[in-house]
Amino acid sequence: MQKIAVNNTIRNIAIIAHVDHGKTTLVDAMFKQSGVFRKGQAVDERIMDSMDLERERGITISAKNCSVVWEGTKINILDTPGHADFGAEVERALSMVDGAILLVDASEGPLPQTRFVLKKTFEAGLKVIVVINKIDRPDARPWEVLDKVYDLFIDLDATDEQLDFPLLYAVGRDGIAKKEVEDENGDLKILFQTILSEIPPPFYEPEEPFQMLISDLGHSDYIGRLAIGKIVNGSVSSKDNLMLVGKGNSQSHIRVSKLQVYDGLVVNEVEHAEPGDIAVVSGTDEFQIGDTICTVEHPKALTRISVDEPTVSMKFTISDSPFSGMEGKYVQSSRIRERLEKETLINVAISLEETDNRDTFIVKGRGEFQMAILVETMRREGFELCVGRPEVIYKYKNGKKLEPIEKLYIDCDERYTGVVTEKLSIRKGKLLNLTNNNKGRVNMEFSIPARSIIGYRDEFLTDTKGTGIMNSILDGYEEFRGDFPTRHTGSMVSDRQGKSVAYALFNLEPRGQLFMAPGVPVYEGMIVGEHNKEQDMNVNPCKEKKLSNMRASGKDESTVCTTPKPVTLEFALNFIKDDELVEVTPASIRLRKVVLSQQTRRMLRGKKEKK
């Protein structure tokens, strides 16, 4: 029987929650009160949201590591994303920790993404501390939220031990945590003490040789790829000769060129790392997530990280428009492929497939939001490319076509119940539950195909006048529920290249919603607006007013165009049909037809109708 030992000087925890429930803000307060920053030091808010996109959107996209020291014990903290599209980040983070803090908003309560991350936590068998945050909100209802947390735990088949969770109430923004809501305001001391007393220290087998599971990857311009993971057994020193065990039990020798551990927000180089600590190892560019680093004498692999399979695919291709190469730095298919391959290395939820066309690639992932973030990241890096509409990935079993089904949770004003229910029933949604809180708002739960939600969010916000809240989570696969119309409008497509003119746009306004202002360059096949009718319409946005030497009867009035609808990346991906693409450059987001030539499109349409 193997002996088990623990490293009492370390605690490894993940902070999990729904989007915008205060994870990153709480971590900020933990930094400040644990002495990571000196007194009077100027510190930004949401320090852990280091990516520009995270700061702009106010969400966590990638899991990040940091550490604090409390009463001589090092606490490694992993700030995880709350959005299910970034679920692989959660799964990777949970492979490195021994417990978790579940943060729940005192007003909103546990939402779908809370359910997702908590389910993963239970599957990993981790101890959970529940913190009900934002109890200072005017609409806070901590006792009702606590009942909902218990309901969620029971619904997820929590054990009796997991149901007996430690409970704290907090105002993360102000750095306050307490046992009871009525207690006087203080600091986060009770939170740190609860972590030390309730979260178990990492255990290891003292007789086993060194083993470390790679749960994350980093990159340094000086030393190359970095392997990040928890030391499961044994210890490691800088300059050690080790073995890397990869997929299929493949083995390769490595030498540790640099060994680092987390110290606050930074990583510090060390000569030695103990079992249970989270280490950063460099030594080869062959590191892959899920690989095991171990000794040469005992090359024994740990269980690889498994993640949920992708549910959405999207086409990535080069831009062949007349404006190609004018705004982007990287336009070649080889550069796009290289960038996508790099993404598959650092994000285990993303996979890449080649197609018959060497300039086109299929990228598979967890959701349309994850795809949008990838495209936005690439355009900020200088890439110019075209992407297609996100499509769900179907399965086939016993001759039946299966599709991913989502649990959709709607929170909206009571008066919008009818229009929301009607729209979702058209999209093959089934109403499972409806709760009226007698305060003017209702909560609805639907079972709906994942493809039905693509493109619905903007319509939902319009129908609820911007007051509705919509969240979804994957609920497995079911038999295909049938087709339904996804868009009831056509596109206004430019029939020539030039610059848009106010006179032409003004006369096109009665035909639909325009996407551009006067003076914008256009080309043949570019979509300039949404047509009111179902058919596409070819238009001339460059048409100027005929000039003559005859005076008009009455005074000429200056042409004033209505403000066009702004085209964001999410809107563009939701708007396009199967025969359309989104052209993405560092400076612009344009909508276009796959086939740019008006004449070729007409010929293809004629052939299709003959069939």
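Structural notes, computed from the coordinates.

1. Quick notes on the pairing of strand 37 (residues 589-593)
Phase 1 of the analysis: Burial analysis of strand 37 places 5 of its 5 residues in the buried class, which makes it a mostly covered element.
Phase 2 of the analysis: Of the two faces of strand 37, the one lined by Ile589, Leu591 and Lys593 and the one lined by Arg590 and Arg592 are each fully buried.
Phase 3 of the analysis: Here 2 bridges tie strand 34 (residues 526-531) to strand 37, and the two strands are oriented antiparallel to one another. Paired with Met526 across the two strands is Arg592, which belongs to strand 37.
Phase 4 of the analysis: Bridge analysis of strand 36 (residues 580-584) against strand 37 gives 5 bridges, and the strand direction is antiparallel. Each bridged residue has a counterpart across the sheet, and for Glu583 the counterpart in strand 37 is Arg590.
Phase 5 of the analysis: What sits between the antiparallel neighbours strand 36 and strand 37 is a turn of 4 residues.

2. A look at the nonpolar core
Phase 1 of the analysis: Membership of the largest hydrophobic core comes to 38 residues, with the highest contact counts inside it found for Leu102, Leu118, Val130, Ile132 and Phe153.
Phase 2 of the analysis: Considering each element in turn, this core owes the most residues, 5 residues, to helix 5 (residues 142-155).
Phase 3 of the analysis: Setting aside its immediate chain neighbours within four residues, Ile132 contacts Val104, Ala106, Pro142, Val145, Leu146, Leu167, Leu168, Tyr169 and Ala170.

3. A few points about the packing of aromatic side chains
Phase 1 of the analysis: Under the criterion given, the structure shown has 11 aromatic pairs.
Phase 2 of the analysis: For the ring pair Phe122 and Phe153, a centre distance of 5.1 Å and an interplane angle of 75° mean the geometry is edge-to-face. Taken together, the residues Phe122 in helix 4 (residues 112-123) and Phe153 in helix 5 connect sequence positions 31 residues apart.
Phase 3 of the analysis: Seen in terms of ring centroids, Phe323 and Tyr523 are 5.1 Å apart; in terms of plane orientation they differ by 90°. Their pairing is edge-to-face. In this pair, Phe323 sits in the loop between strand 20 (312-317) and helix 8 (333-346) while Tyr523 sits in the loop between strand 33 (521-522) and strand 34, placing the two residues 200 residues apart along the sequence. Of the two residues examined, Phe323 and Tyr523, each falls in the buried class.
Phase 4 of the analysis: Ring pairing ties together the aromatic residues Phe122, Tyr150, Phe153 and Phe165, which thus form one cluster.
Phase 5 of the analysis: In this structure, Lys401 is placed above the aromatic ring of Phe480, and the distance from its NZ or CZ to the ring centre is 4.3 Å.
Phase 6 of the analysis: Cation over ring: Lys565 sits above Phe571, and NZ or CZ is 5.0 Å from the ring centre.

4. Comments concerning the environment of Glu478
Phase 1 of the analysis: Among the secondary structure elements, Glu478 is positioned in strand 29 (residues 469-479).
Phase 2 of the analysis: In this structure the C-alpha to C-alpha distance between Glu478 and Tyr394, which are 84 residues apart in sequence, comes to 9.9 Å.
Phase 3 of the analysis: Once residues within four sequence positions are removed from consideration, Glu478 is found in contact with Lys401, Leu402, Glu403, Ile405 and Ser447.
Phase 4 of the analysis: Only 3.0 Å separates the side chain of Glu478 from the side chain of Arg481, close enough to count as a polar contact.

5. Some words on unusual backbone geometry
Phase 1 of the analysis: Even without glycine at this site, Lys239 takes up a positive phi of about 80°.
Phase 2 of the analysis: Tracing the backbone shows Lys239 in the loop between strand 12 (236-237) and strand 13 (241-245).
Phase 3 of the analysis: Residue class for Lys239 comes out partly exposed when judged on its relative accessible area of 44%.
Phase 4 of the analysis: In this model, Asn398 sits at a positive phi of 55°, which is unusual for a non-glycine residue.
Phase 5 of the analysis: Checked against the element boundaries, Asn398 lands in the loop between strand 25 (395-397) and strand 26 (400-413).

6. Looking at the side chain of Ser447
Phase 1 of the analysis: Relative to the assigned elements, Ser447 resides in strand 28 (residues 441-449).
Phase 2 of the analysis: For Ser447, a relative accessible area of 7% corresponds to the buried category.
Phase 3 of the analysis: A polar contact of 2.8 Å, which involves the side chain of Ser447, links it to the side chain of Arg481.
Phase 4 of the analysis: Setting aside anything within four residues of it in sequence, one finds Ser447 in contact with Ile405, Glu406, Lys428, Gly429, Lys430, Leu432, Glu478 and Arg481.

7. A word on the sheet that holds strand 11 (residues 224-233)
Phase 1 of the analysis: Judged by pairing direction, the sheet is antiparallel, and its 8 strands sit side by side in the order 14-13-19-10-11-18-15-16 without closing on themselves. Every other strand in the sheet has two partners, leaving strand 14 (251-255) and strand 16 (266-269) as the edge strands with one partner each. Averaged over neighbouring strand pairs, the angle between their axes works out to 40° when direction is ignored.
Phase 2 of the analysis: Sheet topology note: the strand 10 (residues 211-220)/strand 19 (residues 292-295) ladder contains 3 bridges and is antiparallel. Residue Leu213 lies in a different strand from strand 19, and its bridge partner there is Thr292.

8. Some points on the environment of Arg358
Phase 1 of the analysis: You can see Arg358 is positioned in the loop between strand 21 (351-354) and strand 22 (360-365).
Phase 2 of the analysis: Put simply, Arg358 and Ser333 are 25 residues apart on the chain and 7.7 Å apart in space, counted from C-alpha to C-alpha.
Phase 3 of the analysis: Among residues more than four places away in sequence, those in contact with Arg358 are Ser333 and Arg337.

9. A few points about the pattern of salt bridges
Phase 1 of the analysis: Within this structure, the stated rule accounts for 34 salt bridges.
Phase 2 of the analysis: In this structure, Arg173 and Asp174 form a salt bridge, with 3.4 Å as the shortest nitrogen-oxygen distance.
Phase 3 of the analysis: Residue classification places Asp174 among the partly exposed positions, given a relative accessible area of 45%.
Phase 4 of the analysis: The residue Asp579 makes a salt bridge to Lys593 at a minimum N-O spacing of 3.1 Å. Here Lys593 lies in strand 37 and Asp579 lies in the loop between helix 14 (569-575) and strand 36, a separation of 14 residues in the sequence.
Phase 5 of the analysis: One salt-bridge network, held together by shared partners, links Asp536, Lys577, Asp579, Glu580 and Lys593.

What counts as what
Residues numbered from 1 in each chain as written. Predicted model: local features only at pLDDT ≥ 70, side-chain atom pairs only at ≥ 80, totals over all residues. Heavy atoms only, no water. Buried < 20%, exposed > 50% of the residue type's maximum accessible area, 1.4 Å probe, protein only. Helix = DSSP H or I, 4+ residues; strand = E, 2+ residues; numbered from the N terminus. Pairing = 2+ DSSP bridges. Core = buried A, V, L, I, M, F, W, Y, C linked by side-chain atoms within 4.5 Å. Contact = heavy atoms within 4.5 Å. Phe/Tyr/Trp six-rings, centres within 6.5 Å; stacked < 30°, edge-to-face > 60°. Lys NZ or Arg CZ within 6 Å of the ring centre and 35° of its normal. Polar contact = N/O pair within 3.5 Å; in protein donor to acceptor, adjacent residues only side chain to side chain. Axes fitted to C-alpha atoms, helices over the stretch in contact; angles between N-to-C directions. Salt bridge = Lys/Arg side-chain N within 4 Å of Asp/Glu carboxyl O.

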